[in-house]
Amino acid sequence: MKFFIDTANLEQIKEAQDLGVLDGVTTNPSLMAKEGISGDENVINHYKAICAIVDGDVSAEVISTNYEEMIKEGEALAKLDDKIVVKVPMIKDGIKAIKYFSKKGIKTNCTLVFSAGQALLAAKAGATYVSPFIGRLDDISTDGLGLIEEIRLIYDNYSFPTQILAASVRNSAHILGCAKIGADVMTGPLSAITALLKHPLTDSGLATFLADHAKAAGK
Ligand code: E4P
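Given the structure is predicted, the values throughout are model-derived calculations rather than measurements.

### Side note on the packing of aromatic side chains
If you walk through the whole model with that rule in mind, you get 6 aromatic pairs. When the centroid spacing of 5.8 Å and the interplanar angle of 75° are considered together, the rings of tyrosine 100 and phenylalanine 101 count as edge-to-face. Owing to a relative accessible area of 0%, phenylalanine 101 belongs among the buried residues under this scheme. Between tyrosine 155 and phenylalanine 160, the ring centres sit 5.6 Å apart and the planes meet at 70°, which makes this aromatic pair edge-to-face. In this structure phenylalanine 160 comes out as buried when scored by relative accessible area, which is 19%. Between lysine 96 and the ring centre of tyrosine 67, over which it is positioned, the NZ or CZ distance is 5.3 Å.

### As for the UniProt feature "active site" (unreviewed entry) in the chain
Feature annotation in UniProt assigns "active site" (unreviewed entry) to the following positions: Lys87. Tracing the backbone through its elements, the reader meets lysine 87 in strand β4 (residues 84–89). You can call lysine 87 buried: its relative accessible area is 4%. Apart from the residues lying within four places of it in its own chain, the contact partners of lysine 87 are Thr26, Thr27, Asn28, Ser59, Ala60, Glu61, Val62, Asn109 and Thr111.

### Points about the packing of helix α4 (residues 67–80) against helix α5 (residues 92–104)
The N-to-C vectors of α4 and α5 enclose an angle of 40°; their axes lie 9 Å apart at closest approach. What the angle tells us is that α4 and α5 run oblique. In the crossing of α4 with α5, the sense of the turn from one axis to the other is right-handed. Of the residues in α5, those in contact with Tyr67, Met70, Ile71, Gly74 and Glu75 of α4 are Asp93, Gly94, Lys96, Ala97, Tyr100, Phe101 and Lys104.

### A closer look at the site of the ligand
Every residue lining the ligand is accounted for by Asp6, Thr26, Asn28, Lys87, Phe133, Arg136, Ala167, Ser168 and Arg170. Here an oxygen atom of the ligand and a side-chain polar atom of aspartate 6 are 2.6 Å apart. Asparagine 28 is positioned such that a nitrogen or oxygen atom in its side chain is 2.8 Å from an oxygen atom of the ligand. Contact with the protein chains removes 85% of the 340 Å² of surface that the ligand exposes when unbound. Put simply, the ligand lies in the largest pocket.

Analysis parameters
- The residue count restarts for each chain, going from 1 along the sequence in the order it is written.
- At least 70 in pLDDT is required for a residue's local features to be given in this predicted model, at least 80 for side-chain atom pairs to be given and counted, and no such filter applies to totals for whole chains, interfaces and linings, which use all residues.
- Heavy atoms throughout the structure, all of them, feed into the side-chain values; hydrogens and water do not.
- We call Phe, Tyr and Trp rings a pair once their centres come within 6.5 Å, taking the six-membered ring for Trp, and we label the pair stacked below 30 degrees between planes, edge-to-face above 60, and tilted otherwise.
- When a residue's accessible area, from a 1.4 Å probe over protein chains only, is under 20% of the maximum for its type it is buried; when over 50% it is exposed; and in between it is partly exposed.
- Comment: the charge-over-ring label is applied if NZ (Lys) or CZ (Arg) is within 6 Å of the ring centre and within 35 degrees of the ring normal.
- UniProt positions are given in the numbering used here, feature names are shortened, and annotations may be inferred rather than shown by experiment.
- What counts as a helix is a DSSP run of H or I of at least four residues, what counts as a strand is a run of E of at least two, and both are numbered from the N terminus.
- The contact definition used throughout considers only heavy atoms, calling two residues in contact when any of these lie within 4.5 Å.
- The convention used is that axes are lines fitted to C-alpha atoms, helices contributing only their stretch in contact, and that angles between N-to-C directions extend from 0 to 180 degrees.
- Angle categories are assigned with fixed cut-offs, so that under 35 degrees is roughly parallel, over 145 is roughly antiparallel, 65 to 115 is roughly perpendicular, and the rest are oblique.
- Each crossing is labelled by how the near helix is turned from the far one, with a counterclockwise turn of less than a right angle marking it left-handed and a clockwise turn marking it right-handed.
- Definition of nearness: a residue and a molecule or strand are near each other if at least one heavy atom of the residue lies within 4 Å of the molecule or strand.
- Here a polar contact is recorded for every N or O atom pair within 3.5 Å, except that within protein the pair must consist of a potential hydrogen donor and a potential acceptor, and residues adjacent in sequence are included only if both atoms are side-chain atoms.
- Every accessible area reported is derived by Shrake-Rupley at a probe size of 1.4 Å, with residue values counting cover from the shown protein chains alone.
- A 1.4 Å probe that fits into a set of points on a 1 Å grid over the protein atoms alone but cannot get out defines a cavity; an open set with protein on both sides within 12 Å along at least five of seven lines defines a pocket, and lining residues are those with an atom within 4 Å of a point.
- Pocket or cavity membership: a molecule qualifies when more than half of its atoms sit within 2 Å of the grid points of that site.

As structure tokens, then:
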């Protein structure tokens, strides 16, 4: 399973890249705004800065919601770097745009997916990635991981090449759930990734090993 980090924060992206397990980055307009990035030129420069850090795909979301504008915006984003994946919302014009980008060989990430039907449409249109938001479904007492399971079944039934990018991941249990189901990718905060490191028996075991070593060395 590929690990993407869901942030526009350059420090966190660097930290995840340095850990050696990062496969890509996803951003969205809210994450860009959180970093205080606004204005076309700043946004473009920020995507370039992310691409310079990461070895892997970088999702950059279009702001337009009509077909013609999405095409213009997406083509400009795709020209920035080979790593750019054009992130397109799950709306009617978005599906048409994904079809267009797919024919042109431009990678896409269909975002804001909350149902198996939406994921089926995205795959039919030729999306490279589909992003079901599992955390936001859990927030409304709906089974987010259950949706990943449904999409996995449908995509496997027809050998759709679209990759399931489990998004809105909030914690390490989400990551493990996605891995068990067979999601192709997960995107979440750095804290969810580093939480995988943690086990109290690892901490106490290491403390004992180091204490025994020091005792044997007469320290
Ligand atoms: C997907 O690519 C989105 O950026 C993201 O995962 C949304 O997550 P949130 O629900 O934590 O905002």
